[in-house]
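# Observations on the model geometry
Residue-level listing of the chains:
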Amino acid sequence: MRPNIVTEAGVQTRVNQWWNAIPFLTSSVVVVCGIIYLICLLTGYDSFYEVCFLPSAIISRFQVYRFYTAIIFHGSLLHVLFNMMALVPMGSELERIMGSVRLLYLTFLLATTNAILHLLIASLAGYNPFYQYDHIMNECAIGFSGILFSMIVIETSLSGVTSRSVFGLFNVPAKLYPWILLVVFQLLMTNVSLLGHLCGILSGFSYSYGLFNFLMPGSSFFTTIESASWMSSFIRRPKFIMCTGGNPSSYIPTYSVQNTTSSGFSTGNAWRSLSSWLPQREASNQSSEDSRFPGRGRTLSTARDPTAPTGETDPNLHARLLEDSSSPDRLSDATVTTTAEPRQVPVANTAVLPQSQGRVAAPEEQIQKLVAMGFDRTQVEVALAAADDDLTVAVEILMSQQA
């Protein structure tokens, strides 16, 4: 036996599956930020004052390019790793909803509004007639975390969750989640830009409440860009998501049906991203599952007394069956009595269907939600049928087919 070889092959396969599941724009941002950090590391470049967001330089020398160069540079290995691992789950969900081109436009919009808010607040603090905070004007800020805080607010608004977990330690109301993260990071980490993160939260809320609607073009604008000849090489990429049919305010399915708590920008998402491609031992109740038939099966219950409470079987069932089967005249009655009835399984976001009518087509609302995520309508209908109209399971089936 050579278990080491099997383990190494499993890790490599899971790494490839994890990376291939990340949409085009999100993976491109990870690659760009990673390459820039490696180049800075190998060349010894540390003159971040030339590229960081520096309010005094922007105002005095009108260096507007700092709006965008500041978000792709990072100061340390942990800085870039933490930001990119937080970007992968949030950016992937938003890109599947909005499309690659629309999310790219939104990223530039958030970078611009974050910078403008940062500049305004810094100017008010540095040049007010009462007390001047000169150090704020000379604060050099770099990193993608400002955009991440905006994405946290937007993703929380779209997901519709009511509470979120802070590093898996305790739950907080979803509306307070970004603010609590802002305070936690400021207390736990040194050299953290409070103003940069604050402006990211303000931009995220501005987008969520529709204040940026006049800055967001319609679907025809993004369709025109996607139909351009110079975009053909990008569109042919398997991870590229078209904006056609996308809805920036549509619903993002959560991963849990029974619990609406989501971890968002926390170590929980980063750990799920890492552990998703690590070799794991299958549980005993999943080992017999056939990959050709995805989804969750329904357990058939035995016949029970109509007057008995739900979920409790008739203790005299065996004796009655033996008594009925001994009489030919009552054979038909025994057959009717022993007919199994399917146990009603609660499934989120599905209508209750009468058993006499059989299975009907999946609700159009669920189909539209998955089509808005970039999936083909035919594949969506098949996945919903296989998942018994369970939206979460259908997303997992569609993602596994793409992988």
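Up top is the structure.
This report concerns the structure included in the present document. Since we're looking at a predicted model, the values are computed, not measured.

## Here's the deal with the packing of aromatic side chains
One pass over the structure, following the stated rule, counts 15 aromatic pairs. Ring pairs connect the aromatic residues F53, F67, Y68 and F108, which therefore count as one cluster.

## Comments concerning the state of the cysteines
By the definition in use, this model includes 1 disulfide. Here C52 is linked by a disulfide to C140, with a sulfur-sulfur distance of 1.8 Å. The S-S bond linking C52 to C140 shows a torsion near -130 degrees; that makes this disulfide left-handed. Of this pair, C52 sits in the loop between α2 (24–43) and α3 (55–61) while C140 sits in the loop between α7 (134–137) and α8 (145–159), placing them 88 residues apart in sequence. Note on C52: relative accessible area 0%, which makes it buried.

## Focus: the pairing of strand β1 (residues 163–166)
Of the two faces of β1, the one holding S163 and S165 and the one holding R164 and V166 are both buried throughout. Here β1 runs beside strand β2 (residues 170–173); their pairing, made up of 4 bridges, is antiparallel. The residue of β2 that forms the bridge with V166 is F170. Hairpin remark: β1 followed by β2, antiparallel, with 3 residues in the connecting loop; positive phi at F167, about 55 degrees.

## Things to note about the pattern of salt bridges
Tallied over the full model, the rule gives 4 salt bridges. Notably, a salt bridge pairs K369 with E365, separated by 3.6 Å at the nearest N-O pair. Here E365 and K369 lie together in helix α16 (residues 364–372), a separation of 4 residues that amounts to about one turn.

What counts, and where the lines are drawn
- Residues numbered from 1 in each chain as written.
- Predicted model: local features only at pLDDT ≥ 70, side-chain atom pairs only at ≥ 80, totals over all residues.
- Heavy atoms only, no water.
- Phe/Tyr/Trp six-rings, centres within 6.5 Å; stacked < 30°, edge-to-face > 60°.
- Disulfide = S-S within 2.5 Å.
- Helix = DSSP H or I, 4+ residues; strand = E, 2+ residues; numbered from the N terminus.
- Buried < 20%, exposed > 50% of the residue type's maximum accessible area, 1.4 Å probe, protein only.
- Pairing = 2+ DSSP bridges.
- Salt bridge = Lys/Arg side-chain N within 4 Å of Asp/Glu carboxyl O.

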